[in-house]
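# Coordinate inspection notes
This is what each chain is made of:
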Amino acid sequence: MIEWMMMGAFIAGLGLSVWKLYYFFPTKRLPDDDTTPESVDLLERIMVETEHNFPGLTDEELYRKMIEHPEFDPNHFWRFNPNRLIHLTAHYRFKEPNFRR
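Given the structure is predicted, the values throughout are model-derived calculations rather than measurements.

### Points about the overall build of the protein
The secondary structure content of the protein amounts to four helices and zero strands. When the helices and strands of the protein are listed from N to C terminus, the series reads α-α-α-α. Relative to its length of 101 residues, the protein is extended, with a C-alpha radius of gyration of 23 Å against a globular reference of 13 Å. Across its three principal axes, the protein shows a C-alpha extent of roughly 80 × 30 × 20 Å. Residue burial in the protein is summarised as follows: out of 101 residues, 26% are buried. When contacts within the protein are restricted to residue pairs at least 6 apart in sequence, long-range pairs at least 24 apart make up 58% of them. Counting only carbon and sulfur atoms, one obtains 64% of the accessible surface of the protein, whose full area is about 7,900 Å². Averaging the locations of the 12 positively and 16 negatively charged side chains of the protein gives two centres separated by 1 Å.

### Some points on the side chain of Ser39
Inspection of the secondary structure puts Ser39 in helix H2 (residues 37-53). Of the polar contacts made by the side chain of Ser39, one reaches the backbone oxygen of Asp33; its length is 3.4 Å. Excluding residues within four positions of it along the chain, Ser39 makes contact with Asp33, Asp34, His76 and Phe77.

Cut-offs and rules
Residues numbered from 1 in each chain as written. Predicted model: local features only at pLDDT ≥ 70, side-chain atom pairs only at ≥ 80, totals over all residues. Heavy atoms only, no water. Helix = DSSP H or I, 4+ residues; strand = E, 2+ residues; numbered from the N terminus. Rg over C-alpha atoms; globule rule 2.2 N^0.38 Å. Buried < 20%, exposed > 50% of the residue type's maximum accessible area, 1.4 Å probe, protein only. Contact = heavy atoms within 4.5 Å. Areas by Shrake-Rupley, 256 points an atom, 1.4 Å probe, with all protein chains shown as cover. Lys, Arg positive; Asp, Glu negative; His and termini not counted. Charge placed at Lys NZ, Arg CZ, Asp CG, Glu CD. Polar contact = N/O pair within 3.5 Å; in protein donor to acceptor, adjacent residues only side chain to side chain.

What follows is the structure, encoded as structure tokens:
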């Protein structure tokens, strides 16, 4: 009898733990998440267009020109900074090894 009570308590505790973990982890995208594939693609496209229109820019100049781009949404990309640009160019070079930067 005690074994069945212990088994029931164990299963109830396990179920409660799984339920709490389910609600702990995020299940939907945040509206300002700039790490989604769509957001990264948009940033890469802005970067390539800016580099094409203004060749030979330094990283800081490219960063400033990207922020001024008409499709750049400062509310969505509020975390974008020069370090993120360096990461973005390195990521883009894996896809396009002939990228000039």
